[in-house]
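# Working through the structure, step by step
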Amino acid sequence: MEMKNVKIGIAPIAWTNDDLPDLGKENTFEQCVSEMALAGYAGCEIGNRYPRDLAVLKKALDLRGLQICNAWFSTYFTRGQKEETIQKFIEHRDFLHALGAKVIGISEQGNSIQGTTLPIFDAKPVYTAAQWQAVTEGFEILGALAAEKGMRLGVHHHMGTGVQTEAEIDYLMEHTSEKVGLLYDCGHLYYSEGSQEATLRVLEKHIGRVVHVHLKDVRPNVLEQVRCEKLSFLEGVRAGSFTVPSDGVIHFEPIFACLAAHQYQGWMVVEAEQDPAKANPLEYALKARAFIREKTGC
Ligand SMILES: O=C1C[C@@H](O)[C@H](O)[C@@H](O)C1=O
Ligand SMILES: [Co+2]
């Protein structure tokens, strides 16, 4: 398998979890980025422990040979906060641009349940026609703003949001232009659709729009527990829903093969939020890095 122009990154969420700040509260920014570099990653995303001062952040990254590839951005179009979302997006875009990132990953959080206590398998929002209209129009505007700086917008399909299922991803892709790319996260797809086939099918259908990839694996026994006990998304994270590639149920070979066959260019980012007290972040980062190298040569 030949993957040219693909870089391997990792997300800080395994060290410090922005959604569950008590997970990894003992881990410092310096430890996080040092261990990312030590484990052989070329870049990373941004977490809330990262310094916001551009010069300080750049120096810390340069010292370790790390690049910033993306950082999460929440949109609130379903709450009617269009102007505020656009304003904040421009600031976020400019910060990422100054750091050399080429992608901006977004997710509509106006009525998302991912951070709530609601059962993740029972209470996700389903957009009305008006909400789809607000979201697709808003994403188009953000896509154009990203393009102004030579960057790509990637919509992160995510559990607990209105862009979660295969059908919702298809709808989004059909009702938006090329300016709106897809942030493909195989862990979220398997979690939502429950099968390897659907996880791969979505990638194959929309590979031309994929601008960024999150590699996470899932533990099927924990997903079953989440379903049976009606747990929330974050309760599931604490219980160990996610792990790194090679440690869960997903077959990564066909995913890598599809990306390689379509000459995907960009980042593949290991993103596996777990309790660092149970899953040593460096150990799991090393495990994922070795697996990716073995399977892709990258
Ligand atoms: O990309 C992501 C960002 C996290 O904050 C999120 O909850 C996680 O599941 C994810 O995929
Ligand atoms: Co993700």
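Position numbers for residues start from 1 in each chain and track the written sequence from start to end. For this description, chains carry letters from A and ligands carry numbers from 1, given in the order in which they are written. Residues qualify for local features only when their pLDDT is at least 70, as the model is predicted, and side-chain atom pairs are given and counted only at 80 or more; totals for whole chains, interfaces and linings, by contrast, use all residues. Calculation of side-chain values draws on the structure's entire complement of heavy atoms; hydrogens and water are dropped beforehand.

## Observations regarding helix H5 (residues 166–174)
Exposure is judged per residue with a 1.4 Å probe applied to protein chains only, and the accessible area is read against the type maximum: over 50% gives exposed, under 20% gives buried, and values in between give partly exposed. Numbering of helices and strands runs from the N terminus, with a helix taken as a DSSP run of H or I at least four residues long and a strand as a DSSP run of E at least two residues long. Turning to H5, its buried residues are Glu 166, Glu 168, Ile 169, Asp 170, Leu 172 and Met 173. Those residues of H5 that are buried are in contact with helix H4 (129–148), strand S6 (152–156), strand S7 (180–185), helix H6 (186–193) and helix H7 (196–206). Pairs of residues are marked as contacts when any of their non-hydrogen atoms sit within 4.5 Å.

## Observations regarding the packing of aromatic side chains
Put simply, two rings from Phe, Tyr or Trp (the six-membered ring, in Trp's case) pair if the centres are within 6.5 Å, and we call them stacked under 30 degrees between planes, edge-to-face over 60, tilted for the rest. Under the defined criterion, the tally for this structure stands at 12 aromatic pairs. Ring geometry for Tyr 191 versus Phe 233: centroids 6.1 Å apart, planes at 40°, classification tilted. Placement of the pair is Tyr 191 in helix H6 and Phe 233 in helix H9 (residues 233–239), with a sequence separation of 42 residues. Residue class for Phe 233 comes out buried when judged on its relative accessible area of 2%. The interplanar angle of 55° and the centroid separation of 5.6 Å between the aromatic rings of Tyr 191 and Phe 242 together place this pair among those described as tilted. Of this pair, Tyr 191 sits in helix H6 while Phe 242 sits in strand S10 (residues 242–243), and the two are 51 residues apart along the sequence. Across the pair, exposure class does not vary: Tyr 191 and Phe 242 are buried alike. Either the NZ atom of lysine or the CZ atom of arginine qualifies as a charge over a ring when it sits within 6 Å of the ring centre and within 35 degrees of the ring normal. Above the ring of Phe 242, the side-chain terminus of Lys 216 is found at 4.3 Å from the ring centroid. Note that Arg 289 overlies the ring of Tyr 41, its terminal NZ or CZ placed 5.8 Å from the centroid.

## Brief notes about the pairing of strand S3 (residues 67–70)
For strand S2 (residues 43–45) and S3, the ladder comprises three bridges, and the chain directions are parallel. Paired with Glu 45 across the bridge in S3 is Asn 70. Crossover handedness for the path S2 to helix H2 (residues 54–64) to S3: right-handed. Two strands qualify as a pair provided DSSP detects at least 2 bridges between them. Here the term right-handed applies to a crossover when the path leading from its first strand over the helix to its second strand runs clockwise, the strands being oriented away from the viewer.

## Focus: the site of ligand 1
One heavy atom suffices: a residue is near a molecule or strand as soon as one of its heavy atoms comes within 4 Å of it. In the vicinity of ligand 1, the contacting residues are Ile 13, Asp 19, Trp 72, His 156, His 158, Asp 185, His 188, His 214, Lys 216, Phe 233, Glu 271 and Glu 273. Each accessible area is a Shrake-Rupley result for a 1.4 Å probe, and residues are judged covered by the shown protein chains and nothing else. Protein coverage of the free-state accessible area of ligand 1, which is 290 Å², stands at 94%. The classification used treats Ala, Val, Leu, Ile, Met, Phe, Trp, Tyr, Cys and Pro as nonpolar, Asp, Glu, Lys and Arg as charged, and all other residues, Gly among them, as polar. Of the residues in the shell around ligand 1, the class split is three nonpolar, four polar and five charged.

## A few points about the coordination of the cobalt ion (ligand 2)
Taken together, the protein donors to the cobalt ion (ligand 2) comprise His 156 (NE2), Asp 185 (OD), His 214 (ND1) and Glu 271 (OE), at separations of 2.1 to 2.2 Å. Taken in chain order, the donor set of the cobalt ion (ligand 2) reads H-x28-D-x28-H-x56-E. Note that Asp 185 is positioned in strand S7 and Glu 271 in the loop between strand S11 (266–270) and helix H11 (281–296), a separation of 86 residues in sequence. Coordinating N, O and S atoms are those within 2.8 Å of the metal (3.2 Å for Na, K and Ca), and as water is not part of the atoms, a site may appear to have fewer donors than expected.

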